[in-house]
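A structural walkthrough
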Amino acid sequence: MQAKYIYLPVIDSTNNELKRRAEEAVEEFTVISAGQQTGGRGRSGHVWKSPSHDSVSTSMILYPKASVEHVSRLTLIAAMAVAAMAEELYGLSAEIKWPNDVLVHKKKVCGILTEMIPKDGEVGYVIVGIGVNVHQTGFPEDIAAMATSLDLELDGRKASRQAVTESIWTNFLRLYKEFMLTEDLSGILEEYNARLVNVGQEVRILDPLGEYTAISQGIDATGALLVKTGSGEIKRVDSGEVSVRGIYGYV
Ligand code: BTN
């Protein structure tokens, strides 16, 4: 497994560009990174803004021989890879807010969009897209309290977009290799839980069927968050419909 890097100064979206190239059978582990995205996409149909050279916008294509329902676990692996990068390159202690927000000093530093394209009822290919805030010196008012960039956390040092990109994908492939042995997170569970915020603390589960408060216990090998309710029952919380908040706000 070896990443193959392609850099484009401007593109609509690195996920879109890999999808176009997938039509021509682009090699597995190809990475497309862009200086600027003019049509970056976020989760739930949101727009992801990366109009300047301040961020890393990078995507990798995979052809995993894995079941369709296991592919969402790759997003958790991508979050681990970003957290490992921040620590390895810059000594920042990065945490994960389940399932896939990477936090530095309790603020979000990256976004991840994993897309699976099915073929004949199986996984055709998967694109893992990662956007990291690198050189931004401030954020719009509505997200300023919960967003940060690597430079803002580095006290005058400047992060390198190339080093960030390479470290993320090197870590991702290390973790992906483990994942493909079992198609679950059993081999990397300890590393994930060690980075998880709020373990042993109260969290608010925003379940559309009814919100409740419980104590976070960490994730299991499927990537679900285990929580202990007031009655002592252990519940599995699956990502998707449900999100989790600390009881004092975003984290
Ligand atoms: C989120 O909503 O938090 C996910 C944002 C994902 C953004 C990245 S940037 C690289 C890749 N290309 C895209 O269009 N989106 C992802």
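Everything in this summary refers to the structure shown in the same document.

Some points on the overall build of the protein
A count of helices and strands for the protein gives 5 helices and 13 strands. Rg of the C-alpha trace for the protein: 18 Å, near the compact-globule value of 18 Å for 251 residues, within the 12% margin. A principal-axis box enclosing the C-alpha atoms of the protein has dimensions of 55 × 50 × 30 Å. Within the protein, the fraction of its 251 residues that count as buried is 51%. Long-range contacts, defined here as pairs at least 24 residues apart, represent 64% of the contacts in the protein between residues at least 6 apart. Between the centroid of the 25 positive side chains of the protein and the centroid of its 33 negative side chains there is a distance of 2 Å.

Quick look at the site of the ligand
Contacts to the ligand come from 19 residues, most closely from Ser 13, Thr 14, Gln 37, Arg 41 and Arg 43. In the environment of the ligand, an oxygen atom lies 2.8 Å from a nitrogen or oxygen atom belonging to the side chain of Ser 13. Interatomic distance of 2.8 Å between a backbone N/O atom of Arg 43 and an oxygen atom of the ligand. Contact with the protein chains hides 97% of the accessible area of the ligand, taken as 410 Å² for the molecule alone. For the shell around the ligand, the secondary structure elements donating two or more residues are α1 (14-22), β3 (55-62), β7 (110-119) and β8 (122-133). Split by residue class, the shell around the ligand holds 4 nonpolar, 12 polar and 3 charged.

Calculation criteria
- Residues numbered from 1 in each chain as written.
- Predicted model: local features only at pLDDT ≥ 70, side-chain atom pairs only at ≥ 80, totals over all residues.
- Heavy atoms only, no water.
- Helix = DSSP H or I, 4+ residues; strand = E, 2+ residues; numbered from the N terminus.
- Rg over C-alpha atoms; globule rule 2.2 N^0.38 Å.
- Buried < 20%, exposed > 50% of the residue type's maximum accessible area, 1.4 Å probe, protein only.
- Contact = heavy atoms within 4.5 Å.
- Lys, Arg positive; Asp, Glu negative; His and termini not counted.
- Charge placed at Lys NZ, Arg CZ, Asp CG, Glu CD.
- Near = heavy atom within 4 Å.
- Polar contact = N/O pair within 3.5 Å; in protein donor to acceptor, adjacent residues only side chain to side chain.
- Areas by Shrake-Rupley, 256 points an atom, 1.4 Å probe, with all protein chains shown as cover.
- Nonpolar A, V, L, I, M, F, W, Y, C, P; charged D, E, K, R; others polar.

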